[in-house]
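Remarks on the overall topology
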Amino acid sequence: AQKVTQAQTEISVVEKEDVTLDCVYETRDTTYYLFWYKQPPSGELVFLIRRNSFDEQNEISGRYSWNFQKSTSSFNFTITASQVVDSAVYFCALSVPSGYALNFGKGTSLLVTP
Amino acid sequence: DVKVTQSSRYLVKRTGEKVFLECVQDMDHENMFWYRQDPGLGLRLIYFSYDVKMKEKGDIPEGYSVSREKKERFSLILESASTNQTSMYLCASSLAGLQETQYFGPGTRLLVL
């Protein structure tokens, strides 16, 4: 069975601080895909990134960066110089070829205050 | 840009009513999904469809049915709404292949009284 754990339920930071959201996953499959989604207060889940298990390169997109480490089964997400608009719930998710659902973590609620 | 739309953002229904939630995508995606999101439980898959008229049960299909008569449209039906179906319902779509990225609609907040 697949499992995604986001241990941080809520994080509060002041604008311009850096913040890292943790994601730890469990699967016995050797091929799998990891995702991050953002859910702002409006409710829509916004896709941020998709990573497959064979690509451990870290990714940077503007103020966002992702650190994928198979050795620790982690796929952490860092926001540099956070902004108020980054306030949202962030979900990490996992899918495997043998299944059809995205397995979501419980989400981390990020609040960025001015 | 992928566009997934849902017929209502907010819906209030009474216990026992038949409820239809509609989802439409404009990217010619083969797969469509219905999830519900509840505090403390996260997102759970109700049903998904990989082609017209094809459907598969997800983790929590009880009390729900689905319909996919056209490729772009996927409907979730609550045959007899109950208060425990009060939730946020999210529709998603993706290309064929179960590991493709799923793109989500804005969600429908359903309240069953």
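Our structure's up above, just so we're on the same page.
Right, let's walk through the structure included here. (Residues numbered from 1 in each chain as written. Chains lettered and ligands numbered in written order. Predicted model: local features only at pLDDT ≥ 70, side-chain atom pairs only at ≥ 80, totals over all residues. Heavy atoms only, no water.)

1. Thoughts on the state of the cysteines
- Counted under the stated rule, the structure contains two disulfides over all chains.
- What pairs with A:Cys23 in a disulfide is A:Cys92, and their sulfur atoms sit 2.0 Å apart. With the S-S bond torsion at -65°, the cross-link from A:Cys23 to A:Cys92 turns out left-handed. Residue A:Cys23 is located in the loop between β3 (19-21) and β4 (24-26), and its partner A:Cys92 is located in strand β10 (residues 88-95); the two are separated by 69 residues in the primary sequence.
- For A:Cys92, a relative accessible area of 0% puts it in the buried group.
- One disulfide in the model links B:Cys23 with B:Cys91; its S-S distance is 1.9 Å. On the S-S bond that ties B:Cys23 to B:Cys91, the torsion sits near -75°, and the link is left-handed. Within this pair, whereas B:Cys23 is found in strand β3 (residues 19-25), its partner B:Cys91 is found in strand β9 (residues 87-94), the two being separated by 68 residues in sequence. Pair check on accessibility: B:Cys23 and B:Cys91 agree, each one buried. (Disulfide = S-S within 2.5 Å. Helix = DSSP H or I, 4+ residues; strand = E, 2+ residues; numbered from the N terminus. Buried < 20%, exposed > 50% of the residue type's maximum accessible area, 1.4 Å probe, protein only.)

2. Considerations on the nonpolar core
- A:Trp36, A:Phe77, A:Tyr90 and A:Leu110 are the most contacted members of the largest nonpolar core, which has 24 residues in total.
- Secondary-structure elements contributing two or more residues to this core are β2 (10-14), β3, β5 (33-39), β8 (64-69), β9 (74-79), β10 and β12 (108-113) of chain A.
- When residues in this core are grouped by element, the largest group, four residues, is from β10(A).
- Ranked by size, the runner-up nonpolar core spans 20 residues in total, among them B:Val66, B:Phe74, B:Leu78 and B:Tyr89. (Core = buried A, V, L, I, M, F, W, Y, C linked by side-chain atoms within 4.5 Å.)

3. A look at the sheet that holds strand β7 (residues 64-70) of chain B
All names here are of chain B.
- Read across the sheet, four strands follow the order β1-β3-β8-β7 without closing on themselves; strand pairing throughout is antiparallel. Among the strands making up the open sheet, the edge pair consists of β1 (4-6) and β7. Taken pair by pair, the neighbouring strands of this sheet meet at an average axis angle of 20°, ignoring direction.
- Alignment of β1 against β3, held across three bridges, turns out to be antiparallel. Looking across to β3, one finds that Val 4 is bridged to Gln 25. (Pairing = 2+ DSSP bridges. Axes fitted to C-alpha atoms, helices over the stretch in contact; angles between N-to-C directions.)

4. A look at the interface of chain B and chain A
- Every contact between the two is made by 24 residues of chain B and, on the other side, 21 residues of chain A.
- For the chain B face of the interface with chain A, the top three residues by lost area are B:Leu43, B:Gln99 and B:Phe104, together amounting to 33%.
- On inspection of chain B and its partner chain A, the count reaches zero salt bridges.
- Linking chain B with chain A are five residue pairs in polar contact (both at pLDDT 80 or more).
- Where the side of chain B that touches chain A is concerned, the elements lending two or more residues are β4 (31-38), β5 (42-51), β9 and β10 (103-104) of chain B.
- Among the elements that line the side of chain B that touches chain A, the one with the most residues is β5(B), at four residues. (Contact = heavy atoms within 4.5 Å. Buried area = accessible area lost by both parts, 1.4 Å probe. Salt bridge = Lys/Arg side-chain N within 4 Å of Asp/Glu carboxyl O. Polar contact = N/O pair within 3.5 Å; in protein donor to acceptor, adjacent residues only side chain to side chain.)

5. Quick look at the environment of B:Ser75
Residues and elements named next belong to chain B.
- Topologically, Ser 75 is positioned in strand β8 (residues 73-78).
- Residue classification places Ser 75 among the buried residues on the basis of a relative accessible area of 8%.
- When the C-alpha positions of Ser 75 and Asp 59 are compared, they lie 17 Å apart, and in sequence the two are 16 residues distant.
- Excluding residues within four positions of it along the chain, Ser 75 makes contact with Leu 21, Glu 22, Trp 34, Ser 65, Val 66 and Ser 67.
- Only 2.6 Å separates the side chain of Ser 75 from the side chain of Glu 22, close enough to count as a polar contact.

6. Description of the packing of aromatic side chains
- Across all of its chains, the model carries 21 aromatic pairs over all chains by this definition.
- Relative to A:Tyr37, the ring of A:Phe35 lies with its centre 6.3 Å away and its plane at 25°, an arrangement referred to as stacked. Comparing A:Phe35 with A:Tyr37 shows no difference in burial state: the two are buried.
- Measuring from centroid to centroid gives 6.2 Å for B:Phe48 and B:Tyr50, while their planes differ by 50°, and the two rings are tilted. (Phe/Tyr/Trp six-rings, centres within 6.5 Å; stacked < 30°, edge-to-face > 60°.)

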